[in-house]
Amino acid sequence: MNCIRKITDDLTWVGANDRRLAMFEGVYHVPGGVSYNSYLLTDEKTVLFDTVDKAVRQRFLENLAEALGGRGLDYLVVQHMEPDHSASIIELAAKYPEMKIVCNRMTLEFIKQFHDFGADQRVVLVTEGDTLETGSHKLHFVMAPMVHWPEVMVTYDSKDEVLFSADAFGCFGALNGALFADEVDFARDYMDEARRYYTNIVGKYGAQVEALLGKAAALKISIVCPLHGFVWRRDFGAFLEKYALWASYAPEESGVMIAYASVYGNTENAAEILACKLRERGIKSVMYDVSVAPASDVVAASFRWSHLVFASTTYNAGIFVAMEAVINDLVSHNIQNRAVAVIENGSWAATSGGLIREKLGKCQNITFLGDIVSIKSGLKADQLAQVEELAAAIAATFPAPATDAPRQGIAAAGDVDAKAFFKLSYGLFVLTTRDGAKDNGCIINTVTQIADNPRRISIAVNKANFSCDMVLKTGEFNVSILTTAAPFKVFEHFGFHSGRDTDKFLGCDDSLRTANGIRYLPKYTNSVISGKVRDAVDYGSHYLFVADVTQAVTTSDEPSVTYQYYFDNIKPKPPAPKAQKVGYVCKICGYVYEGEPLPDDFICPLCKHGASDFEKIQ
Ligand code: FEO
């Protein structure tokens, strides 16, 4: 029995998973394995998009034969020649002698470098904008150099609006039976691996990824089929927004990533103290010990967070070896647009801080905050002030926490204003909960009045939300009904962060609580309803809570926001692709020369190849 899955009536996934691979590309740990995706289109002609790594070749060949159902293979489209996708070309060539290879000129050269089977006799060369009709489908070829190698192209099937996106939109992790991203909780369980995949594999090539996003923006895309990870058939917007952020080197989140290298724990201690002082100022912090954390984790975190702190001991008169590898990795991945602070340690001649600054100073738009905190062996009491100053210098670059003007708390238990229920629609609500000293809140979209006497409501809450756990535990909640005046920042604040590691009410007035002691939102809402849970039913992704209403108060006459209103008027549209850069890209290493013309004697500063190895950015 073979393991294949249908994507559309005539498109089938025939790839395979590898969970035994220790290091992807020899560099990146893949604890969840990896998938190698290959797709078969069965039209009047049969067309295969890419192959798989040699480790899973046998399974792939069997899958392909099953999906072909006795038919031959007319075309193999080679979008990317990295061997994890091209290793099985030679077996296909032997097994399907009629098979033509559709690729661009550089791909053909790479095929001949890797394989000897007479590729010239089978090739159908294509370039930007060329098409191939396969019966009812029409394939359009779009060049995507340096996403992630210079020969990369992607393919668009205009009939079913499918984009075969090569390495773009890929993700580490075996598929575990779920082919589609909507079959898993991608944001919760896979976004970190998607970020680690993007930043480490194609993070260096932001300009080229932006060029591809610009081309893709002109296409109507319903399905995205990458070479690794899940197929996207819905809800692609959030992932696309992440890609636009990553490609532009803009941070995803405000907070501080602290990476430290410490031989005997003293540099680590200074880093820990800094992290505490940041948290005391309400600033998020994450920490990585570079001696044990894989460099790819630190690279991914550096793309995620707005502020970076590097704390390193001095070793052999330089940066500690593991930290130096991380810093070099970040420089070669083009890290930019970050605020950076540095701590160094050295028992007799501390040099690591200056060297870290020197390396990162060559990256674009790096702002160094505060002075280097220089420790001799161990942090002394009289140096605490320097760490405090560094924390203050970092904190000064964060916006002050929002503090809405306080209104009176709503304290009268048992008050139930019927008008509050008239405000319910298929809308958006802030669900608030309290467990001891912990207040929390999240966005939900389903609140319904289900009985009038006694007054009862139901709410549906995604199990991934920390608030769901809290309601299950405490049995009480408030629902604040949002109005059309609510700005996107409210949805972002309550919807895009987890209460597990965020205090969503930091800086808010503590008196704004209903009689049950739970917070409510006084602004951008028109009513608040308090509930005491009677029943909780597990419906898969969500819990449905049925609750007695203990209090209901109308707070304004502003109209409630509906789901439709939110999407039409509040949620920002995906960012428009940036204007195409004018310039040339090195086909060997991806370095971008901005400007026109490219001097004939230009030498690539990264790989030292000459002007003939550059091509104009399309
Ligand atoms: Fe999985 Fe660049 O290849």
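Residues numbered from 1 in each chain as written. Predicted model: local features only at pLDDT ≥ 70, side-chain atom pairs only at ≥ 80, totals over all residues. Heavy atoms only, no water.

Colleague: It is not clear to me how the packing of helix α9 (residues 266-280) against helix α13 (residues 384-395) should be interpreted in this structure. Could you clarify?
Modeller: The axes of two packed helices give the description: the angle between them and the distance between them. Here α9 crosses α13 at 50°, and the two axes come no closer than 9 Å. Considering the angle they form, α9 stands oblique to α13. Two packed elements cross with a definite hand, and for α9 against α13 that hand is right-handed. Listed contacts from α13 to A270, I273, L274, K277 and L278 of α9 are L384, V387, E388, L390, A391 and I394. (Axes fitted to C-alpha atoms, helices over the stretch in contact; angles between N-to-C directions. Helix = DSSP H or I, 4+ residues; strand = E, 2+ residues; numbered from the N terminus. Parallel < 35°, antiparallel > 145°, perpendicular 65-115°, else oblique. Left-handed = near helix turned anticlockwise from the far one by under 90°. Contact = heavy atoms within 4.5 Å.)

Colleague: Whenever I open this one, the pairing of strand β18 (residues 285-289) confuses me. Can you help?
Modeller: For a regular strand, the rule is simple: side chains alternate between the two faces of the sheet. One ladder, built from five bridges, connects strand β17 (residues 253-261) with β18; its direction is parallel. For Y260, the partnering residue across the bridge sits in β18 and is D289. Of the crossover connections in this fold, the one passing from β17 over α9 to the parallel β18 is right-handed. (Pairing = 2+ DSSP bridges. Right-handed = clockwise from strand over helix to strand, strands pointing away.)

Colleague: Where do I start with the confidence of the model for the protein in this structure?
Modeller: Note: predicted coordinates in regions of low pLDDT should not be interpreted at a detailed level. Averaged over the protein, the pLDDT score is 92; the fraction of residues at 70 or greater is 95%. Contacts from residues 402-407, a stretch scored under 50 in pLDDT, to residues over four places away or in other chains number ten contacts. (pLDDT = per-residue confidence, 0-100.)

Colleague: What exactly am I supposed to notice about the packing of aromatic side chains here?
Modeller: Where two aromatic rings form a pair, the distance of their centres and the angle of their planes describe that pair. The full count for this structure, using the stated rule, is 33 aromatic pairs. Considering the side-chain rings of Y566 and F567, the 5.2 Å spacing of their centres and the 75° angle between planes classify their relative orientation as edge-to-face. Using a relative accessible area of 7% as the deciding quantity, one classes Y566 as buried. A connected cluster of aromatic rings, assembled from ring pairs, spans F169, F186, Y190, Y198, F230, W232, F236, F239, Y243 and W246. The ring centre of F180 lies 3.7 Å from the NZ or CZ of R233, which sits over that ring. (Phe/Tyr/Trp six-rings, centres within 6.5 Å; stacked < 30°, edge-to-face > 60°. Buried < 20%, exposed > 50% of the residue type's maximum accessible area, 1.4 Å probe, protein only. Lys NZ or Arg CZ within 6 Å of the ring centre and 35° of its normal.)

Colleague: Mind showing me how you'd approach the environment of E252 here?
Modeller: For E252, the location among the structural elements is in the loop between α8 (237-248) and β17. With a relative accessible area of 15%, E252 lands in the buried category. Along the primary structure E252 and S306 are separated by 54 residues, whereas in three dimensions their C-alpha atoms are 7.2 Å apart. A distance of 2.6 Å separates polar atoms of two side chains, one belonging to E252 and the other to K242. (Polar contact = N/O pair within 3.5 Å; in protein donor to acceptor, adjacent residues only side chain to side chain.)

Colleague: How do you make sense of the sheet that holds strand β10 (residues 100-103) when you look at a structure like this?
Modeller: The pairing of strands in a sheet happens through backbone hydrogen bonds and is either parallel or antiparallel. If you walk across this open sheet you meet the seven strands as β1-β2-β7-β8-β9-β10-β11, and the pairing is mixed. Strand pairing shows two members of the sheet lacking a second neighbour, β1 (5-8) and β11 (123-125), which therefore form its edges. For this sheet the average axis-to-axis angle between neighbouring strands, irrespective of direction, equals 25°. In this sheet, strand β7 (residues 39-42) lies alongside strand β2 (residues 11-13) in antiparallel orientation, the contact comprising three bridges. Directly across from T12, in β7, lies its bridge partner L40. The strands touched by helix α1 (residues 57-68) within the sheet are β2, β7 and β8 (46-49), with β7 carrying the most contacts at an inclination of about 15°. Where helix α4 (residues 105-114) meets the sheet, it contacts β10 and β11, and its direction lies at approximately 125° from that of β10.

Colleague: What am I meant to see in the pattern of salt bridges here?
Modeller: Inspection of every chain in the model, using the stated rule, returns 32 salt bridges. Salt-bridge contacts for D185 lead to R188; the nearest nitrogen and oxygen are separated by 3.7 Å. When its relative accessible area of 25% is taken as the criterion, D185 is described as partly exposed. Linking R455 and D452 is a salt bridge whose minimum nitrogen-to-oxygen distance equals 2.7 Å. The exposure class of D452 is exposed, given its relative accessible area of 52%. (Salt bridge = Lys/Arg side-chain N within 4 Å of Asp/Glu carboxyl O.)

Colleague: Got a minute to help me understand the environment of D297 in this structure?
Modeller: On the secondary structure map, D297 appears in helix α10 (residues 295-304). Since its relative accessible area comes to 21%, D297 is described here as partly exposed. Once the C-alpha coordinates of D297 and Y96 are considered, the two residues, 201 residues apart in sequence, prove to be 42 Å apart. For D297, the residues in contact, after removing those within four places along its chain, are H29, R196 and Y288.

Colleague: How should the pairing of β8 be read in this particular structure?
Modeller: A two-sided burial pattern is seen for β8, the buried positions comprising T46 and L48 on one face and V47 and F49 on the other. Across four bridges, β7 lies against β8 in antiparallel orientation. Among the inter-strand pairings, T42 is bridged to a residue of β8, identified as T46. Adjacent in sequence and paired antiparallel, β7 and β8 are bridged by three residues. In terms of strand pairing, β8 meets strand β9 (residues 75-77) through three bridges, oriented parallel. Residue F49 lies in a different strand from β9, and its bridge partner there is V77.

Colleague: Could you clarify how one ought to interpret α10 in this entry?
Modeller: With seven of ten residues buried, α10 lies mostly within the body of the structure. Within α10, the full set of buried residues consists of S296, V298, V299, A300, A301, S302 and F303.

Colleague: Is there a simple way to think about the packing of helix α6 (residues 191-202) against α8 in this case?
Modeller: Closest axis-to-axis distance for the α6/α8 pair is 11 Å, and the angle between their directions is 35°. Regarding α6 and α8, the two cross each other, and that crossing is right-handed. Each of M191, A194, R195 and Y198 in α6 lies in contact with α8, whose residues at this interface are F239, K242, Y243, W246 and A247. By residue class, the composition of the contact of α6 with α8 is seven nonpolar, no polar and two charged. (Nonpolar A, V, L, I, M, F, W, Y, C, P; charged D, E, K, R; others polar.)

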